[in-house]
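Remarks on the overall topology
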Amino acid sequence: MYTESRETEVALLKTLWRGEPVLCPKCKAGTLTYLHQKAKKSDCDWKCPSCGTIYRTIRMLKELPYE
């Protein structure tokens, strides 16, 4: 998980999927951008331009704990 709890991870996923700007949960310095910005391959993968962390939202959803 990229955040401290299941609830904040779910909130992060929802915000990303709505297309709203999100600060990187890891470094808190960069706003996440599409990983495949030029190719427009997928709007499910995001990257922090500051620290380089990649957020693959489908994988994040599958790895969420059940409480």
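The following paragraphs examine the structure supplied in this document. (Residues numbered from 1 in each chain as written. Predicted model: local features only at pLDDT ≥ 70, side-chain atom pairs only at ≥ 80, totals over all residues. Heavy atoms only, no water.)

Focus on the environment of His36
Looking at where His36 falls in the secondary structure, it is placed in the loop between β1 (33-34) and β2 (45-47). Exposure remark for His36: the relative accessible area of 23% places this residue in the partly exposed category. Residues His36 and Trp46, spaced ten residues apart in sequence, show a C-alpha to C-alpha distance of 7.9 Å. (Helix = DSSP H or I, 4+ residues; strand = E, 2+ residues; numbered from the N terminus. Buried < 20%, exposed > 50% of the residue type's maximum accessible area, 1.4 Å probe, protein only.)

Quick notes on the pattern of salt bridges
The tally for this structure, following the rule as stated, stands at two salt bridges. Measuring nitrogen to oxygen at the nearest pair gives 2.9 Å for the salt bridge that ties Glu20 to Arg18. With a shortest N-O distance of 3.2 Å, Asp45 and Arg56 are connected by a salt bridge. With Asp45 in strand β2 and Arg56 in strand β3 (residues 54-56), the pair connects residues that are eleven residues apart, well separated along the chain. (Salt bridge = Lys/Arg side-chain N within 4 Å of Asp/Glu carboxyl O.)

What to know about the sheet that holds β2
Reading across from one edge, β1-β2-β3 is the order of the three strands in this open sheet, with antiparallel pairing throughout. Edge positions in the open sheet fall to β1 and β3, since each of these has one partner strand only. Pairing between β1 and β2: two bridges, direction antiparallel. Pairing of Thr33 across the sheet is with Lys47, part of β2. (Pairing = 2+ DSSP bridges.)

A closer look at a nonpolar patch on the surface
Together, Trp17, Ile58 and Leu61 make up a nonpolar patch on the protein surface, roughly 280 Å² of accessible area in all. For Trp17, the position within the fold is in helix α1 (residues 6-18). On the accessibility criterion, Trp17 (40% relative accessible area) is partly exposed. (Patch = residues over 30% accessible without salt bridge, like charges linked within 9 Å, V, L, I, M, F, W, Y side chains within 5 Å. Areas by Shrake-Rupley, 256 points an atom, 1.4 Å probe, with all protein chains shown as cover.)

A look at the side chain of Thr57
With respect to the helices, strands and loops of the structure, Thr57 is situated in helix α2 (residues 57-62). Apart from the residues within four sequence positions on either side, Thr57 is in contact with Leu13, Leu16, Trp17, Cys44, Asp45 and Trp46. (Contact = heavy atoms within 4.5 Å.)

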